[in-house]
Amino acid sequence: MNDRFDDTDFREVISESEGEEKRTEEESEEVGSMEVTASGQESEKDKGQGQGESDYEDICYICHRPESKAGKMIKIPNEICICADCMQKTFDSMNHSGFPLGDMGSLGNMPNISMINLSDLQNMGINMMPRSQKLKKKKTKEEKKEKPVLDIKSIPAPHKIKASLDEYVVGQEHAKKVMAVAVYNHYKRVGCDNLDGVEIEKSNMLMVGPTGSGKTYMVRTLAKLLDVPLAIADATSLTEAGYIGDDIESVVSKLLAAADNDVEKAEHGIIFIDEIDKIAKKKNTNQRDVSGESVQQGMLKLLEGAEIEVPVGANSKNAMVPLATVNTRNILFICGGAFPDLEEIIKERLNKKSSMGFHADLKDKYDKEENILHRVEVEDIRKYGMIPEFLGRLPVIFALDALTEDMLVQILTEPRNAIVKQYRKLLAMDEVKLEFEEEALQAIAKKAKKKDVGARALRAIIEEFMLDIMYEIPKDDNIGVVTITKDYIENKGGPIISMRGCLTLEDKAKAAGA
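Each value, and the rule that gives it
- Residues numbered from 1 in each chain as written.
- Predicted model: local features only at pLDDT ≥ 70, side-chain atom pairs only at ≥ 80, totals over all residues.
- Heavy atoms only, no water.
- Helix = DSSP H or I, 4+ residues; strand = E, 2+ residues; numbered from the N terminus.
- Buried < 20%, exposed > 50% of the residue type's maximum accessible area, 1.4 Å probe, protein only.
- Contact = heavy atoms within 4.5 Å.
- Areas by Shrake-Rupley, 256 points an atom, 1.4 Å probe, with all protein chains shown as cover.
- Core = buried A, V, L, I, M, F, W, Y, C linked by side-chain atoms within 4.5 Å.
- Pairing = 2+ DSSP bridges.
- Axes fitted to C-alpha atoms, helices over the stretch in contact; angles between N-to-C directions.
- Phe/Tyr/Trp six-rings, centres within 6.5 Å; stacked < 30°, edge-to-face > 60°.
- pLDDT = per-residue confidence, 0-100.
- Nonpolar A, V, L, I, M, F, W, Y, C, P; charged D, E, K, R; others polar.
- Patch = residues over 30% accessible without salt bridge, like charges linked within 9 Å, V, L, I, M, F, W, Y side chains within 5 Å.
- Salt bridge = Lys/Arg side-chain N within 4 Å of Asp/Glu carboxyl O.
- Lys, Arg positive; Asp, Glu negative; His and termini not counted.
- Charge placed at Lys NZ, Arg CZ, Asp CG, Glu CD.

1. Here we look at the overall build of the protein chain
Helices and strands together make up the secondary structure of the protein chain, namely 19 helices and 12 strands. Relative to its 514 residues, the protein chain shows a buried fraction of 36%. Once local pairs closer than 6 in sequence are excluded, the contacts in the protein chain between residues at least 24 apart make up 68%. Summed over its atoms, the accessible surface of the protein chain is roughly 31,900 Å², and 50% of this surface lies on carbon and sulfur atoms.

Here it is as structure tokens:
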């Protein structure tokens, strides 16, 4: 019979309800496996981010101190870290304040408790501190031996540094030599050992030069060439501690940011303080000089070399940011300034030597000398308003040359980033060729020399004459070549515009000669 039981059939007979339960269990298992896989992928991403975050120290959420100063951190949910001191103070304040810890249900009866949205506190600790305010962990002694912070072989020789500067900076041969040798010797001093008892001291520099002579541009170019942290700070915003403005330690915080918040790397860097003449002592003032002599006195410890507390990612210690201890002993400081009216002080000193008699010098002997700043001495800068203690920590003093008309013409065309090359590239985007006559370049340099602001006047003059050309060129697609002439610069004529397909004057002359 068909209804007879078969012993070889082991299939299980289940009801419809049991079948639905089994199917839901299988679906839940599949969903669970998908969640595990997704969480695994997320964990790999988090792992990659964690490796980057593991290079930085944990910061206390309350006092904002790094782990190297506050000690071991206590981690609570939502990635919030609290140091032991802040945790103990929190418990003490709760125990002595009479706060009803046992009866937490009474919080619901408190008035205005609905104003607090507790869900806003979720994920408070995640990405709480930006990376610019985090410190990198210090390396162990074994890691320092395996890979030193600075390799002297990676620093180019002085002649190579100067050759690289020559591609961007015109003239200033003496200044480029001084900077190349100073940078090279500084890193030799950092890399050498003191086993023989001979300790090489650093030689900070003071750069004096007229405005627009290339002081800041030279240092910026040097920062591109060297693979070392270099920060450029401005002395105009520095004030005495406690007053509105940037703290003196902020110049070191910029170097720390350039070193990616790596303290050990920043302690071998270079700091260029521009506009140093703006912190000179103010004359004939009845008010407290918070941005003059007091700033010089505050910078003495930086220049000499000391361990200072530096705000990380801020310009003030009162900005509720972590503080890092940086030793400035191996940091090279380069100070630069225009020092206006310093020429008059130098002339006054030189004219004192000429007294009465047949062999006496004339008082206007040095009036027409352009590079009189090369005769500068420490006495002149002290009379300008810099204190002797400050100048004593800047043993290397050198001056930059005043720019002549020939040097201004070279600045227009020769450097890799020359102004003429920049405008040629701009017009090349419109498929137009830009040419400058040699006489036109001389006329531009002559006008710039009269403005007495150095190389900065070149761009102002070219911008003025290129404005109409750059406005009209996009209107006509037939324009092929624009030639700037001397008459156009002197407002006696206009530029020569050649249309596409037409021979220029030079091409016509070549064709006629052939």
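2. A look at the side chain of E240
On the secondary structure map, E240 appears in the loop between β4 (230–234) and α8 (250–258). Accessibility expressed as a relative area gives 19% for E240, which makes it buried. Residues in contact with E240, not counting those within four places in the same chain, are R288, V290, S294 and V295.

3. Overview of the nonpolar core
The nonpolar side chains of a soluble globular protein tend to be buried, and buried together. Counting residues in each nonpolar core, the largest one holds 49 residues, and the members touching the most others are L206, I276, M299, F339, L342, M386 and F390. Ranked by residue count, the leading element in this core is helix α10 (residues 293–304), at five residues. Those residues in contact with F390 that sit more than four places away from it in its chain are I276, Q296, M299, L300 and L303. Formed by 33 residues, the second largest nonpolar core is a distinct cluster that contains L412, L427, I484 and Y488.

4. Thoughts on the sheet that holds strand β11 (residues 479–484)
Across the sheet, which stays open at both edges, the three strands sit in the order β10-β11-β12 with mixed pairing between neighbours. Strand pairing shows two members of the sheet lacking a second neighbour, β10 (433–436) and β12 (496–499), which therefore form its edges. If you compare each strand with its neighbour and ignore which way they point, the axes differ by 20° on average. Judged from the four bridges that link them, β10 and β11 form a sheet pairing that is parallel.

5. Looking at helix α11 (residues 342–351)
Within α11, the full set of buried residues consists of L342, I345, I346, K347, R349 and L350. As for α11, its buried residues are in contact with β3 (205–208) and α12 (378–384).

6. A short note on the sheet that holds β3
Spatially, the five strands line up as an open sheet ordered β4-β5-β8-β3-β9, and their pairing is parallel. Single-partner strands in this sheet number two, and they are β4 and β9 (396–399). Taken pair by pair, the neighbouring strands of this sheet meet at an average axis angle of 20°, ignoring direction. With four bridges joining them, strand β5 (residues 270–274) and strand β8 (residues 332–337) adopt parallel strand pairing. The residue of β8 that forms the bridge with I273 is C335. Of the strands in this sheet, β3, β5, β8 and β9 touch helix α6 (residues 173–191), which is tilted by about 155° from β9.

7. A closer look at the pairing of strand β7 (residues 323–327)
Only one face of β7 is buried, namely the one carrying A324 and V326, since none of L323, T325 and N327 on the opposite face is buried. Taken together, the five bridges between strand β6 (residues 307–311) and β7 define a ladder with antiparallel strand orientation. Residue pairing for β7: E309 is matched across the bridge by T325.

8. Re the packing of aromatic side chains
Taken as a whole and assessed by the stated rule, the structure comprises two aromatic pairs. Plain terms: the ring middles of F339 and Y384 are 5.2 Å apart, the flat faces sit at 65° to each other, and that makes the pair edge-to-face. Note that F339 is positioned in the loop between β8 and α11 and Y384 in helix α12, a separation of 45 residues in sequence. For the pair formed by F339 and Y384, the shared burial category is buried. An angle of 70° between the planes, with centres 5.4 Å apart, marks the rings of F465 and Y488 as edge-to-face. Residue F465 is located in helix α17 (residues 456–472), and its partner Y488 is located in helix α18 (residues 486–489); the two are separated by 23 residues in the primary sequence. One exposure class covers both F465 and Y488, and it is buried.

9. Topic: unusual backbone geometry
For E275, which is not glycine, the phi dihedral falls at a positive 55°. Note on placement: E275 falls in the loop between β5 and α10. Its identity as a non-glycine residue notwithstanding, E431 has a phi of 60°, on the positive side. Relative to the helices and strands, E431 resides in the loop between α15 (419–428) and β10.

10. Here we look at the confidence of the model for the protein chain
Parts of the prediction with low pLDDT should not have their coordinates interpreted in detail. Summary statistics for the protein chain give a mean pLDDT of 77 and a share of 71% for residues scoring 70 or more. For residues 7–14, every residue scores under 50 in pLDDT, and the model assigns this stretch one contact once sequence neighbours within four places are set aside. Note that residues 112–119 has pLDDT below 50 and, in this model, two contacts with residues that lie over four places away or in other chains.

11. Things to note about the packing of helix α14 (residues 405–413) against α15
In the contact formed by α14 and α15, the axes pass within 4 Å of each other and the chain directions differ by 30°. Packed against α14, whose contacting residues are I411, L412 and T413, the element α15 presents I419, V420 and K421 at the interface. Of the residues belonging to the contact of α14 with α15, the class tally is four nonpolar, one polar and one charged.

12. Structural notes on a positive patch on the surface
Among the surface-exposed residues, K446, K447, K450, K451 and K486 lie close enough to one another that they form a single positively charged patch. Sort the elements by how many residues they give to the positive patch and helix α16 (residues 438–451) lands first, with four residues. The residue K486 is located in helix α18 in this model. Exposure remark for K486: the relative accessible area of 32% places this residue in the partly exposed category.

13. Description of the pattern of salt bridges
Oppositely charged side chains can form a pair if their charged atoms are brought close together. This structure, assessed with the given rule, holds 16 salt bridges. We note a salt bridge from D58 to K75, for which the minimum N-O separation is 3.7 Å. Highlighted residues: D58 in the loop between α1 (16–53) and α2 (67–70) and K75 in strand β1 (residues 73–76), separated in sequence by 17 residues. Judged by its relative accessible area of 61%, K75 falls in the exposed class. Connected through salt bridges with shared partners, the residues K162, D166, E173 and K176 form a single ionic network.

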